[in-house]
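Observations on the model geometry
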Amino acid sequence: MYPIQKASRTEFVPIRHLNYHVRQWGTPSPERTPLVMVHGWMDVSASFQFVIDAMAHDHWVIAPDWRGFGLTETPGVDNYWFPDYMADLDQLLDHYVGDRPVNLVGHSMGGHIATLYSGIRPERIARLVNLEGFGMPVSHPSQAPGRYAKWMDELKAVQRGEMDLKPYANLEGVAQRLMKTNPRLGSDKAHWLAQHWSQANAQGEWRILGHAAHKVINAQLFKVDETQAIYERITAPTLCVVAGTDSLTQWWKDKYTLAEFMTRIASVPQLQHAVIQDAGHMLHHDQPEELAQLIETFLA
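Notes on the structure follow. Starting afresh in each chain, residues are numbered from 1 along the sequence in its written order. Only residues with pLDDT of 70 or above have their local features reported here, since the model is predicted, and side-chain atom pairs are shown and tallied only from 80 upward, although totals for entire chains, interfaces and linings are computed over all residues. With hydrogens and water excluded, all non-hydrogen atoms of the structure serve as input to the side-chain values.

**Comments concerning the sheet that holds strand β3 (residues 35–38)**
- Should DSSP find at least two bridges between two strands, the strands are taken to pair. The helix count covers DSSP runs of H or I at least four residues long, the strand count covers runs of E at least two residues long, and both are numbered beginning at the N terminus. Spatial strand order, β1-β2-β4-β3-β5-β6-β9-β10: eight strands in an open sheet with mixed pairing. Every other strand in the sheet has two partners, leaving β1 (9–15) and β10 (271–276) as the edge strands with one partner each. Ignoring which end each strand starts from, the neighbouring axes of this sheet average 20 degrees apart.
- Both β1 and strand β2 (residues 18–25) contribute to a ladder of seven bridges, which runs antiparallel. Counted as the bridge partner of glutamate 11 is valine 22 from β2.
- Helix-sheet contacts for helix α2 (residues 82–97) involve β1, β2, β3, β4 (61–64) and β5 (102–107), and the interaxial angle to β1 is about 115 degrees. All axes here are fitted lines through C-alpha atoms, helices being fitted over the stretch that makes contact, and every angle between N-to-C directions spans 0 to 180 degrees. Residue contacts are defined here by distance: any two heavy atoms, one from each residue, within 4.5 Å place the two residues in contact.

**A look at the environment of glycine 68**
- Within the secondary structure layout, glycine 68 lies in the loop between β4 and α2.
- Relative accessibility under 20% of the residue-type maximum defines a buried residue, over 50% an exposed one, and the middle range a partly exposed one, all with a 1.4 Å probe and only protein chains included. The class of glycine 68 is buried, set by a relative accessible area of 3%.
- Taking the C-alpha atoms as reference points, glycine 68 and lysine 255, 187 residues apart in sequence, are found 28 Å from one another.
- In this structure, glycine 68 is in contact with Glu73, Thr74, Pro75, Tyr80, Leu209, Gly210, His211 and His214, ignoring residues within four places of it in sequence.

**So, the pairing of β5**
- Extensive coverage of β5 is indicated by the burial of six of its six residues.
- Residues Val102, Leu104 and Gly106 of β5 are buried on one face, and the alternating residues Asn103, Val105 and His107, pointing to the opposite face, are buried as well.
- Pairing of β3 with β5, which is carried by four bridges, proceeds in the parallel orientation. Opposite valine 38, over in β5, you have glycine 106 as the bridge partner.
- The pairing of β5 with strand β6 (residues 125–131) spans six bridges and is parallel.

**Some details on the pattern of salt bridges**
- One side-chain nitrogen of Lys or Arg within 4 Å of one carboxyl oxygen of Asp or Glu is enough to make a salt bridge. With the rule as written, the count across this model stands at 11 salt bridges.
- Among the salt bridges present, the one from arginine 16 reaches aspartate 84, with a minimum N-O distance of 2.9 Å. Of the two residues, arginine 16 sits in the loop between β1 and β2 while aspartate 84 sits in helix α2, which places them 68 residues apart along the sequence.
- On the basis of relative accessible area, arginine 16 is assigned to the partly exposed category, the value being 29%.
- One salt bridge in this structure joins aspartate 94 and arginine 124, with 2.9 Å as the shortest N-O distance. Here aspartate 94 is found in helix α2, whereas its partner arginine 124 is found in the loop between α3 (109–120) and β6, with 30 residues between them in sequence.
- A residue is classified by how much of its surface remains accessible, and aspartate 94, at 42% relative accessible area, is partly exposed.

**Brief notes about the packing of aromatic side chains**
- Two rings from Phe, Tyr or Trp (for Trp, the six-membered ring) form a pair when their centres sit within 6.5 Å of each other. Planes less than 30 degrees apart are called stacked, planes more than 60 degrees apart edge-to-face, and all others tilted. Evaluation of the coordinates by the stated rule reveals seven aromatic pairs.
- With centroids separated by 4.9 Å and ring planes inclined at 80 degrees, the aromatic side chains of phenylalanine 134 and phenylalanine 261 adopt a geometry described as edge-to-face. Here phenylalanine 134, found in the loop between β6 and α4 (144–159), pairs with phenylalanine 261, found in helix α9 (residues 258–265); they are 127 residues apart in sequence, far enough to count as distant. Pair check on accessibility: phenylalanine 134 and phenylalanine 261 agree, each one buried.
- Taken together, Tyr2, Phe50 and Trp192 form an aromatic cluster joined through their ring pairs.

What follows is the structure in structure tokens.
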């Protein structure tokens, strides 16, 4: 089992009619800018433990489990919307820091949300770090009818239980799943993550802490021009970190490429780039020491 170096503390706070689970590391201080870290799709706040352990300095880190993930309450919904994540983040910042600007780090889905939020509330962000937060492929109006139809079909599939996540007989099964998904993930880290990534149910099965409705397609088309208009409003210095292994092209093939994302993110005014070699999409698991150094150097 991975031996943690810096213990976190957790609490539940009321955010938009949900009990939000929030993990914190370090000591709150009025003299330091808070560091807010938001995780990706089918992940949890504990996922940042390896990076926190590798940081050379003490930071006050605030890391929520998004709605319907981890230990945050699952709302009574059958699909999820990006505006809700941003509104949740907005009110979490109200709760923890008031009007103080924060340093914001987001991975994958969380990176996309963090980048959008930074353009919508630019005054609240001191520095932004986007970790493989790519967003979605460009869409076209002609796709709308089929998209809405697929969305309605998937809502019915969720209600029938057809999109439920596979349960595992034990924690070992969860750890093996994590290592299969990410071959770079060591056994010690996988077994540590498994206990935060899943929970036993009444039948003794271990279920992933992610609501199946997160798998439902977004009914609305992804608008690149709208996204870039938001990017252009970001005033914080921004670090965009990608992995040496191009996971984006692997997922989407010719529908969405890393080069296309780089063109989009270039809309951010004060942008820096970094690449972490020998890492895949879960770069905070693959190379936490290198990522921690990158983040701390950028924040300094």
